[in-house]
Amino acid sequence: MRSLRIRNYRLFFTGHSISVTGTWMQRVAQDWLVFEITDSPVAIGIALALQFGPILLLGIWGGVIADRVDRRTTLIVTQVIQLILALVLGVLAVASVIELWMVFLFALLLGLVTVVDQPVRQSFVANLVHRDSYANAQVLNSTAQNLGKFIGPAIAGAVIAWQDVGAAFLINALSFVAMLVALALMKRSELLPQPRLARGKGQAREGVVYVWRHPQLRIAMVLLVVVSVLGQNFRVVFPIIGAMFGGDAGAYGSLMAALGLGALVAALFTAARETATTGSLVVAAIGFGVLSTVLAGSPGLTFALVVTAGLGVTNFVFNTLVRTVMLLVSDAQMQGRVMALHGLVFLGSTPIGGLIIGWVCEQWGVRVGLLVGGVSVLLSAAGAIGMSRRASKVASGSPGRHVGADIAARPRNH
């Protein structure tokens, strides 16, 4: 684990691991609170739309900010704001004065903060480790994220059953302190230099054009769009699956924990990865699509938990590979905008996907919703294979050579 040898990255990893656990606790608590108030998957989709909609609308400008500002200082500001939001929401819930419109309002405010926090946090890796450690750092970051996804929902389910949702919000507020302490303890002299983007016109559009014209980035983004919009709607479908099999908040938490457990298993086998290929990205997408389709036919909760753990493996591998490719092949002065576009799709597509799959589930049931996601991902993987082969032919200048699936994302020299 070469990245963990660096003091500043160790601090970041520790703080991020604790903070993200609290974040997943709040996500489960928010979803369950909305479902408890309304008994409607569409209402959950609306809450998701309010939380992630700002990223969809403003995400690329968050990337411009990430390329201009001091990332460590900006992260401190975003952590403080998120702490305050979680604290106030928790107090309102504990006082039993929480209403649906309040949950919607705080989801929107959190989304506005995330517009800046996401690209800054993702690109901050470039200030902590050198390019030859990007892949390892991204695996560790994904491990932290999925460790939180495994522990957070399990704790949230127990806390909600014991003390109700307000306690989960308050614990999340406390978790931000860990990240703030980590950022405060970092040595500025050991942070790698960051090329600052000077103010200018058209910088957001420049980032979009850059990604579209880069073959590897374009292939990664197409896959990411379909997986994110139609496949990764776990917070919409899992409460319904749990309820379908006679469960409560604990069943929902167990499904989310199984997803995280699968991710942790995947992390053990990918920790030493030093590069990424479009071929491995397609394979991960195919595995994700197949397991989503299998999950649609689950006969009971136990079977669903086992399949969900497998889904967690493919989900972890796919998301880690996407981030690694995008960060590795991007020029240093474009990293904030490239990672903002990743966040725009990965997080900003959530409101679209949440509403679509929520509506499908409400009309035809959760099994159909899962089938829509799984089949769509499989079709996108087939399309990505064709795009990858065409890109390889152009790069090699040889019409007969089909090596597109093996295009590697390697560090760029600057």
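These figures come from a predicted structure and were not determined experimentally.

### Focus: the packing of helix H6 (residues 134-163) against helix H7 (residues 165-185)
- Running from amino to carboxyl end, H6 crosses H7 at an angle of 130°, the nearest separation of the two axes being 7 Å. In terms of orientation, H6 lies oblique with respect to H7. Note on element contacts: H7 touches H6 through Val-165, Ala-167, Ala-168 and Ile-171, opposite Val-159, Ile-160 and Gln-163.
- Tallied by class, the residues present in the contact of H6 with H7 amount to six nonpolar, one polar and no charged.

### A short note on helix H4 (residues 100-123)
- Given a rise of 1.5 Å per residue, 24 residues ought to cover 34 Å, and the 35 Å separating the end C-alpha atoms of H4 matches this to within 8%.
- Of all 24 residues in H4, 18 are buried; the element is thus mostly enclosed.

### Description of the nonpolar core
- Ranked by size, the top nonpolar core spans 119 residues in total, and within it Phe-238 and Phe-318 carry the most contacts.
- Sorting elements by how many residues they give to this core places helix H1 (residues 7-38) first, with 13 residues.
- Other than its neighbours up to four places away in sequence, Phe-318 contacts Leu-223, Leu-224, Val-227, Leu-281, Ala-284 and Ala-285.
- Of all hydrophobic cores here, the second largest spans five residues; its members include Ala-86, Ala-173, Phe-176 and Leu-180.

### A short note on the confidence of the model for the protein chain
- When pLDDT is averaged along the protein chain, the result is 83; 91% of the residues meet or exceed 70.
- Under a pLDDT of 50 for its full length, residues 398-414 has, in the predicted model, 50 contacts with residues more than four places off or in other chains.

### Description of the packing of aromatic side chains
- Applying the stated criterion across every chain yields a total of seven aromatic pairs.
- With centroids separated by 6.3 Å and ring planes inclined at 25°, the aromatic side chains of Tyr-9 and Phe-13 adopt a geometry described as stacked. With Tyr-9 and Phe-13 both in helix H1 and four residues apart, the pair spans about one turn of that helix.
- Residues Trp-32 and Phe-35 carry aromatic rings whose centres are separated by 5.8 Å and whose planes lie at 45° to one another, so their mutual orientation is tilted. Placement of both Trp-32 and Phe-35 in helix H1 is noted, with a separation of three residues, approximately one turn of the helix. Assigned by exposure class, Trp-32 and Phe-35 land together as buried.
- An aromatic cluster is present here, built from Tyr-9, Phe-12, Phe-13 and Phe-124 joined pairwise through their rings.
- Over the ring of Trp-24 we find Arg-27; its NZ or CZ atom is 4.7 Å from the centre of that ring.
- In this structure, Arg-218 packs its charged tip against the face of Trp-212, placed 5.4 Å from the ring centre.

### Here's the deal with the packing of helix H2 (residues 41-68) against helix H14 (residues 335-346)
- Packing of H2 against H14 brings their axes to within 7 Å, and their N-to-C directions diverge by 160°. Comparing the axis directions of H2 and H14 gives the class roughly antiparallel. Once H2 is placed against H14, the crossing between them reads as right-handed. On H14, the residues that touch Ile-55, Leu-56, Gly-59, Ile-60, Gly-62, Gly-63, Val-64, Ala-66 and Asp-67 of H2 are Gln-335, Gly-336, Arg-337, Ala-340, Leu-341, Gly-343 and Leu-344.

### Details of empty space enclosed by the protein
- For the structure shown, the criterion picks out four cavities of 30 Å³ or more.
- Size it by volume and the largest cavity reaches roughly 920 Å³.
- For the largest cavity, the lining is made up of 45 residues, of which Trp-24, Arg-27, Gln-145, Phe-346 and Leu-347 are closest to its centre.
- The calculated volume of the second largest cavity comes to roughly 90 Å³.
- If you trace the second largest cavity, you find 14 residues lining it, with Leu-230, Gly-231, Asn-233, Val-237 and Leu-370 closest to the centre.
- Of all the secondary structure elements, the ones that give two or more residues to the lining of the second largest cavity are helix H9 (215-231), helix H10 (234-244), helix H12 (278-296) and helix H16 (366-396).
- With four residues, the top contributor of residues to the lining of the second largest cavity is H16.
- Residue classes in the lining of the second largest cavity are distributed as eight nonpolar, six polar and no charged.

### Digging into the side chain of Asn-172
- Among the structural elements, Asn-172 can be located in helix H7.
- Accessibility expressed as a relative area gives 3% for Asn-172, which makes it buried.
- For Asn-172, the side chain forms a polar contact with the main-chain nitrogen of Thr-23, separated by 3.0 Å.
- Setting aside anything within four residues of it in sequence, one finds Asn-172 in contact with Ser-19, Gly-22, Thr-23, Gln-26 and Ala-86.

### Some details on the environment of Val-116
- Among the secondary structure elements, Val-116 is positioned in helix H4.
- A sequence separation of 41 residues divides Val-116 from Leu-75, and the C-alpha atoms of the two residues are 8.7 Å apart.
- Sequence-distant contacts of Val-116, that is, excluding residues within four places in its chain, are made with Ile-65, Thr-74 and Thr-78.

### Quick notes on the environment of Tyr-252
- If you trace the backbone, Tyr-252 turns up in helix H11 (residues 249-270).
- For Tyr-252, a relative accessible area of 1% translates into the label buried.
- C-alpha of Tyr-252 to C-alpha of Val-237: the two residues are 15 residues apart in sequence and 9.4 Å apart in space.
- When residues no more than four places from it in sequence are discounted, the contact partners of Tyr-252 are Val-28, Asp-31, Trp-32, Phe-234, Arg-235, Phe-238 and Pro-239.

Parameters and conventions
- Residues numbered from 1 in each chain as written.
- Predicted model: local features only at pLDDT ≥ 70, side-chain atom pairs only at ≥ 80, totals over all residues.
- Heavy atoms only, no water.
- Axes fitted to C-alpha atoms, helices over the stretch in contact; angles between N-to-C directions.
- Helix = DSSP H or I, 4+ residues; strand = E, 2+ residues; numbered from the N terminus.
- Parallel < 35°, antiparallel > 145°, perpendicular 65-115°, else oblique.
- Contact = heavy atoms within 4.5 Å.
- Nonpolar A, V, L, I, M, F, W, Y, C, P; charged D, E, K, R; others polar.
- Expected span 1.5 Å × (residues − 1).
- Buried < 20%, exposed > 50% of the residue type's maximum accessible area, 1.4 Å probe, protein only.
- Core = buried A, V, L, I, M, F, W, Y, C linked by side-chain atoms within 4.5 Å.
- pLDDT = per-residue confidence, 0-100.
- Phe/Tyr/Trp six-rings, centres within 6.5 Å; stacked < 30°, edge-to-face > 60°.
- Lys NZ or Arg CZ within 6 Å of the ring centre and 35° of its normal.
- Left-handed = near helix turned anticlockwise from the far one by under 90°.
- 1 Å grid on protein atoms, 1.4 Å probe; cavity = no way out; pocket = protein on both sides within 12 Å on 5 of 7 lines; lining within 4 Å.
- Points joined across faces, edges and corners; volume = space filled by probe spheres on them.
- Polar contact = N/O pair within 3.5 Å; in protein donor to acceptor, adjacent residues only side chain to side chain.

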